[in-house]
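Descriptive structure summary
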Protein chains: 2
Amino acid sequence: MHPTRSRLITVATRLFQQRGYHAIGLSEILALSETPKGSLYHHFPGGKQELAEACIRRNAESSMAALDRVSATGLDIIGFLRNLSDVTEAWLQRTDWLDGSLLAAIGQEQGGASSPLGEAVRIAYQRIEMRLARWLMAEGVAVARARDMAATIIASQEGALVLARSRHDATPVRLVTDMLCAMVDRG
Amino acid sequence: MHPTRSRLITVATRLFQQRGYHAIGLSEILALSETPKGSLYHHFPGGKQELAEACIRRNAESSMAALDRVSATGLDIIGFLRNLSDVTEAWLQRTDWLDGSLLAAIGQEQGGASSPLGEAVRIAYQRIEMRLARWLMAEGVAVARARDMAATIIASQEGALVLARSRHDATPVRLVTDMLCAMVDRG
DNA sequence: CCATCGCTAGACTGCTCGGTCTATGTTGGC
DNA sequence: GCCAACATAGACCGAGCAGTCTAGCGATGG
């Protein structure tokens, strides 16, 4: 991957996840990444939208990679949820509550309308969910139950993130994690 | 409340909750509500931002009113959660997955940064949460537990909404509701 | 019948947006 | 050493943005 291309995705991801797609101007992305406009349109002929799609794809990839890393450590499901909660909390505090979920941020703005970005978000969620469900199955959860659990985990974590960021308080993340652990405990 | 003012809030709320704050131009709000620009700035001297604040406030008020209405019917907590799920599902389908949560949509775009809109969203969430917690307490839930449950319910419902809208599928709402019911059942 | 004032009406402004275009490096194969 | 191909660089453009301003409408009270 070309360094300029990568740098643009990194910077744009950070900005989009903090304030959404429409709130961020190209000028801000270009200034923060110290990239001229010509380079952006060289690497992303489709402009802002294509850049955002690349951000979404990379975001899904890195989420799945993180999931694989956890599954390789042999952690059980409860351990995974606790770990996720701790990592999320640390991340929120480290970024001063500025960072949020890229998929939620962009997804909200596309609404239910069919648009390339909305579609990209849908696919990203779906891929992460499938990877999570697959791991749950490997941990002994039945197929249908694993799919449901994966969707439930992602939905409630995303919601907790929204609330926590608004309140500048990670409590919702911990509360939701407790509930998810209880759900897992009871099968 | 002046009809023009009310109409502006109604139309702006619908648009903001579908696509967020920055994605909506004043021109769109004015065209859809058949209001000239002068009227908007007469009723909302602070412009777009003041209008959005009014939307957020009204949104919180109507959420709390809906809560009060449910509590007046004598429904228990499980009944309330089931009812909320059904209503949400019907709403999503009726609006063709276009509508979403106003507070989540605007909240995402303000991120953790301190801004008038971010503050308005924080207060709106807090008020709804307190009203919900108060009702839970009236249903016999202990004080601290009621506060936690209220935050958990709001967080996971908001997240379910995000996911459901992206997928054009209300399953996440039902899944999260099931989990919340289980949580309530076990105290 | 008129003066007042809340409200409507929309032309206008300065600005920033995303996107295009041409010119200029820079680099690797021959 | 030379030529493509790749990549950087930023001036430039039309469109659309939020917001301002002046003019006029219409009901209400004197």
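Residues numbered from 1 in each chain as written. Chains lettered and ligands numbered in written order. Predicted model: local features only at pLDDT ≥ 70, side-chain atom pairs only at ≥ 80, totals over all residues. Heavy atoms only, no water.

Concerning the relation of the copies chain B and chain A
Heads up, the rule is: Least squares is used to superpose the copies, and the fit set is the C-alpha atoms of residues whose pLDDT is at least 70 in both copies. The criterion used for residue contact is that any of the two residues' heavy atoms lie within 4.5 Å.
Rotating chain B by 180° and moving it 0.0 Å along the rotation axis overlays it on chain A with an RMSD of 0.0 Å. Each copy turns onto its partner about a two-fold axis. The C-alpha atom lying nearest the rotation axis in chain B is that of Gly-159 of chain B; the distance is 1.8 Å. Residue by residue, 100% of the interface of chain B is reproduced at the interface of chain A, so both copies engage with the same surface.

Digging into the nonpolar core
We apply this condition: Think of a nonpolar core as a cluster: buried Ala, Val, Leu, Ile, Met, Phe, Trp, Tyr and Cys residues, connected wherever their side-chain atoms sit within 4.5 Å. Any residue under 20% of the maximum accessible area for its type is buried, any over 50% is exposed, and the rest in between are partly exposed; the area is computed with a 1.4 Å probe on protein chains only.
In this structure, Phe-16, Ile-29 and Leu-136 of chain A together with Phe-16, Ile-29 and Leu-136 of chain B are the most contacted members of the largest nonpolar core, which totals 123 residues. Those residues in contact with Leu-136 of chain B, other than ones at most four positions away along the chain, are Ile-77, Val-141, Ala-146, Met-149, Ala-150 and Ile-153 of chain B.

Structural notes on the pattern of salt bridges
Residues and elements named next belong to chain A. Quick reminder of the rule: Any Lys or Arg side-chain nitrogen found within 4 Å of a carboxyl oxygen on Asp or Glu counts as a salt bridge. Elements are defined by DSSP. Helices are runs of H or I of four residues or more, strands are runs of E of two residues or more, and each kind is numbered from the N terminus.
Applying the stated criterion across every chain yields a total of 16 salt bridges over all chains. The partner of Glu-61 in a salt bridge is Arg-127, with the nearest N and O atoms 2.9 Å apart. Residue Glu-61 is found in helix H4 (residues 47-72), and its partner Arg-127 is found in helix H7 (residues 116-138); the two are separated by 66 residues along the sequence. Take Glu-61: its relative accessible area is 40%, and that puts it in the partly exposed class. When its relative accessible area of 32% is taken as the criterion, Arg-127 is described as partly exposed. One salt bridge in this structure joins Arg-122 and Glu-119, with 2.3 Å as the shortest N-O distance. Placement of the pair is Arg-122 and Glu-119 together in helix H7, with a separation of three residues, close to one helical turn.

Some words on the protein's contact with DNA strand C
Which entries qualify depends on this criterion: It suffices for a single heavy atom of a residue to lie within 4 Å of a molecule or strand for the residue to be listed as near it. In the analysis that follows, any N or O atom pair within 3.5 Å is treated as a polar contact, provided that within protein one partner can donate a hydrogen and the other can accept it, and provided that, for residues neighboring in sequence, both atoms belong to side chains. Residues are grouped as follows: Ala, Val, Leu, Ile, Met, Phe, Trp, Tyr, Cys and Pro are nonpolar; Asp, Glu, Lys and Arg are charged; all remaining types, including Gly, are polar.
Surveying the vicinity of DNA strand C reveals 16 residues, the closest of which are Leu-26, Lys-37, Tyr-41 and Lys-48 of chain A together with Thr-4 of chain B. Considering DNA strand C, the proportion of its atoms within 4 Å of the protein that are sugar or phosphate atoms stands at 60%. Note that a base oxygen of DNA strand C is positioned 2.3 Å from one of the side-chain N or O atoms of Lys-37 of chain A. Interatomic distance of 2.9 Å between a side-chain N/O atom of Lys-48 of chain A and a phosphate oxygen of DNA strand C. At the level of elements, helix H2 (26-33), helix H3 (37-43) and H4 of chain A together with helix H3 (37-43) of chain B are the ones that each hand at least two residues to the surface near DNA strand C. The element best represented in the surface near DNA strand C is H3 of chain B, accounting for five residues. For the surface near DNA strand C, the residue count by class is four nonpolar, nine polar and three charged.

A closer look at the packing of aromatic side chains
Quick note on the threshold: To pair, rings of Phe, Tyr and Trp, with the six-membered ring standing in for Trp, must have centres within 6.5 Å; the planes then decide the type, stacked if under 30 degrees apart, edge-to-face if over 60, and tilted in the middle. Geometrically, a charge over a ring is one whose NZ (Lys) or CZ (Arg) sits within 6 Å of the ring centre while staying within 35 degrees of the ring normal.
Enumeration over the complete set of coordinates arrives at four aromatic pairs over all chains. With a centroid separation of 5.5 Å and an interplanar angle of 40°, the aromatic rings of Phe-16 of chain A and Tyr-21 of chain A are classed as tilted. Residues Phe-80 of chain B and Trp-135 of chain B carry aromatic rings whose centres are separated by 5.1 Å and whose planes lie at 65° to one another, so their mutual orientation is edge-to-face. Of the two residues, Phe-80 of chain B sits in helix H5 (residues 77-94) while Trp-135 of chain B sits in helix H7 (residues 116-138), which places them 55 residues apart along the sequence. Side by side, Phe-80 of chain B and Trp-135 of chain B carry an identical accessibility label, which is buried. The cationic tip of Lys-48 of chain A hangs over the ring face of Tyr-21 of chain A; the distance from NZ or CZ to the ring centre is 4.4 Å.

Some details on the protein's contact with DNA strand D
Close to DNA strand D lie 16 residues, the nearest being Thr-4, His-42 and His-43 of chain A together with Leu-26 and Lys-37 of chain B. In this structure, His-43 of chain A approaches DNA strand D through a side-chain N or O atom, which is 2.9 Å from a phosphate oxygen. Between DNA strand D and Ile-24 of chain B there is a distance of 3.4 Å, counted from a phosphate oxygen to a backbone nitrogen or oxygen. Secondary structure elements with two or more residues in the surface near DNA strand D: H3 of chain A together with helix H2 (26-33), H3 and helix H4 (47-73) of chain B. When residues in the surface near DNA strand D are grouped by element, the largest group, five residues, is from H3 of chain A. Looking at the surface near DNA strand D residue by residue, the classes come out as four nonpolar, nine polar and three charged.

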